[in-house]
Number of protein chains: 2
Amino acid sequence: MRFSSQREAILSYIRGVQSHPTAQDIHESVKKIFPSLSLGTVYRNLNQLLEHQLITAIKQDEIVHYDGNISDHQHFRCKNCDSIIDLEFPVKDIILEHVPRFGHEIQAYELYMTGICKNCKNETK
Amino acid sequence: MRFSSQREAILSYIRGVQSHPTAQDIHESVKKIFPSLSLGTVYRNLNQLLEHQLITAIKQDEIVHYDGNISDHQHFRCKNCDSIIDLEFPVKDIILEHVPRFGHEIQAYELYMTGICKNCKNETK
DNA sequence: TGATAAGTAGGAATAATTACTGTTTATGAG
DNA sequence: CTCATAAACAGTAATTATTCCTACTTATCA
Ligand SMILES: [Mn+2]
Ligand SMILES: [Mn+2]
Ligand SMILES: [Zn+2]
Ligand SMILES: [Zn+2]
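Residues numbered from 1 in each chain as written. Chains lettered and ligands numbered in written order. Predicted model: local features only at pLDDT ≥ 70, side-chain atom pairs only at ≥ 80, totals over all residues. Heavy atoms only, no water.

1. Concerning the protein's contact with DNA strand D
Reasoning step 1: Around DNA strand D there are 18 residues in total, and Tyr43 of chain A together with Arg2, Ser4, Thr41 and Arg44 of chain B lie nearest to it.
Reasoning step 2: Taking Val64 of chain A, its main chain carries an N or O atom lying 3.3 Å from a phosphate oxygen of DNA strand D.
Reasoning step 3: One of the side-chain N or O atoms of Asn45 of chain B is found 3.0 Å from a phosphate oxygen in DNA strand D.
Reasoning step 4: Of all the secondary-structure elements, those providing two or more residues to the surface near DNA strand D are α3 (39-51) of chain A together with α1 (5-16) and α3 (39-51) of chain B.
Reasoning step 5: Grouping the constituent residues of the surface near DNA strand D by class yields seven nonpolar, seven polar and four charged. (Near = heavy atom within 4 Å. Polar contact = N/O pair within 3.5 Å; in protein donor to acceptor, adjacent residues only side chain to side chain. Helix = DSSP H or I, 4+ residues; strand = E, 2+ residues; numbered from the N terminus. Nonpolar A, V, L, I, M, F, W, Y, C, P; charged D, E, K, R; others polar.)

2. Regarding the sheet that holds strand β3 (residues 74-78) of chain B
Reasoning step 1: Pairing is mixed in the open sheet, where six strands are placed in the order β4(A)-β3(A)-β5(A)-β5(B)-β3(B)-β4(B). Bordering the open sheet on either side are β4 (84-87) of chain A together with β4 (84-87) of chain B, each of which pairs with just one other strand. Each strand axis lies, on average, 25° off the axis of its neighbour in the sheet, ignoring direction.
Reasoning step 2: As judged from the four bridges shared by strand β3 (residues 74-78) of chain A and strand β5 (residues 105-116) of chain A, these two strands associate in the parallel manner. Its bridge partner lying in β5 of chain A, Arg77 of chain A is registered against Thr114 of chain A.
Reasoning step 3: Running over the sheet, helix α4 (residues 91-98) of chain A touches β3 and β5 of chain A together with β5 (105-116) of chain B and is turned about 135° from β5 of chain A.
Reasoning step 4: Sitting on the sheet, helix α4 (residues 91-98) of chain B is in contact with β5 of chain A together with β3 and β5 of chain B, with an inclination near 135° to β5 of chain B. (Pairing = 2+ DSSP bridges. Axes fitted to C-alpha atoms, helices over the stretch in contact; angles between N-to-C directions. Contact = heavy atoms within 4.5 Å.)

3. Some details on the side chain of Arg77 of chain A
Reasoning step 1: The residue Arg77 of chain A is located in strand β3 in this model.
Reasoning step 2: Here Arg77 of chain A is in contact with Asp61, Asp82, Ser83, Ile84, Tyr112, Met113, Thr114 and Gly115 of chain A, once residues within four sequence places are set aside.

4. Observations regarding the relation of the copies chain B and chain A
Reasoning step 1: The transform that puts chain B on chain A rotates by 180° and translates by 0.0 Å along the axis, for an RMSD of 0.0 Å. The superposition operator between the copies reduces to a two-fold rotation axis. In terms of proximity to the rotation axis, the leading residue of chain B is Leu111 of chain B, whose C-alpha is 2.2 Å off the axis. (Least-squares fit on C-alpha atoms with pLDDT ≥ 70 in both.)

5. Brief notes about unusual backbone geometry
Reasoning step 1: Here the phi dihedral of Asp82 of chain A falls at roughly 65°; this positive angle occurs in a residue that is not glycine.
Reasoning step 2: Given the relative accessible area of 47%, Asp82 of chain A is considered partly exposed.
Reasoning step 3: Not every positive phi belongs to a glycine, and Gln53 of chain B is a case in point at roughly 55°.
Reasoning step 4: By the element assignment, Gln53 of chain B lies in the loop between α3 and β1 (56-58). (Buried < 20%, exposed > 50% of the residue type's maximum accessible area, 1.4 Å probe, protein only.)

6. A look at the pairing of β5 of chain A
Reasoning step 1: Relative to β5 of chain B, β5 of chain A is paired through eleven bridges, and the arrangement is antiparallel. Residue pairing for β5 of chain B: Met113 of chain A is matched across the bridge by Tyr109 of chain B.

7. Examining the protein's contact with DNA strand C
Reasoning step 1: Taken together, the neighbourhood of DNA strand C is formed by 18 residues, with Arg2, Ser4, Thr41 and Arg44 of chain A together with Tyr43 of chain B sitting nearest.
Reasoning step 2: Taking the atoms of DNA strand C that fall within 4 Å of the protein, sugar and phosphate contribute 70% of them.
Reasoning step 3: Take Arg2 of chain A: an N or O atom from its side chain is 2.5 Å from a base nitrogen of DNA strand C.
Reasoning step 4: Between DNA strand C and Val64 of chain B there is a distance of 3.4 Å, counted from a phosphate oxygen to a backbone nitrogen or oxygen.
Reasoning step 5: When residues of the surface near DNA strand C are traced back to their parent elements, those giving at least two are α1 (5-16) and α3 of chain A together with α3 of chain B.
Reasoning step 6: When its residues are assigned to classes, the surface near DNA strand C shows seven nonpolar, seven polar and four charged.

This is how it looks when you write it as structure tokens:
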């Protein structure tokens, strides 16, 4: 994979936010630096970065969200405010403990939760 | 929600298979009984059945898969043969144990795993 | 310093899902 | 049972996230 300023800008944008942006979000933001940036370029780069495991994708919603934090963590989406929040969970432990007996080789896993976030719960009170 | 023979046929098809079919799969199969069944009707019914929690959806792949088994269980997809396999995991336990400290209200969760299934692993040997 | 393979912009194509329209049908009040 | 009506249906058009295509540009390295 070779360097391009667009790719660099896309990656550093994703790494710099906590918000798990969509391709559209990324396009709109990086366009401020590269006004000619096309959405196709955003998608192509996102797929490249995924292949090289520099980012991850969250595919549970209609639209894919991207994540520059590749450490092992889980996600929670609030049905009220639609924000995706990082959670650290000992999922790996129970997978390593329970999976061997099924006989499948687990290469990746994702725990995704939905509900009402702390903030929204307090606001409605 | 009111009775219709199409809806009944769609639901009983989903309940009768282990394969986690897509809307296309369901359409093709139920069309054998209702040759005039339209894909739009399949989607409309799937959404109705989801709302009434008579089925669940698996949204991690590009295409949504549907599941007539609404008991608490997890899914594993084989990257080789693409089959989706049911796994029973004590996910609920660790969620109930660890989530309260984050302060969010979890209403649903999904653990999705990918890798190579038992069968495919043995075949390549 | 080129040759060239990889990357880009911009627009067209794809494909899953939803929306729309006119017709049919399940349902329950009378 | 009958019939008004809201829900469901078939068929088709629209939507939309994502991928593909083409001609042009650029990073890389021999
Ligand atoms: Mn994250
Ligand atoms: Mn299942
Ligand atoms: Zn919220
Ligand atoms: Zn397999």
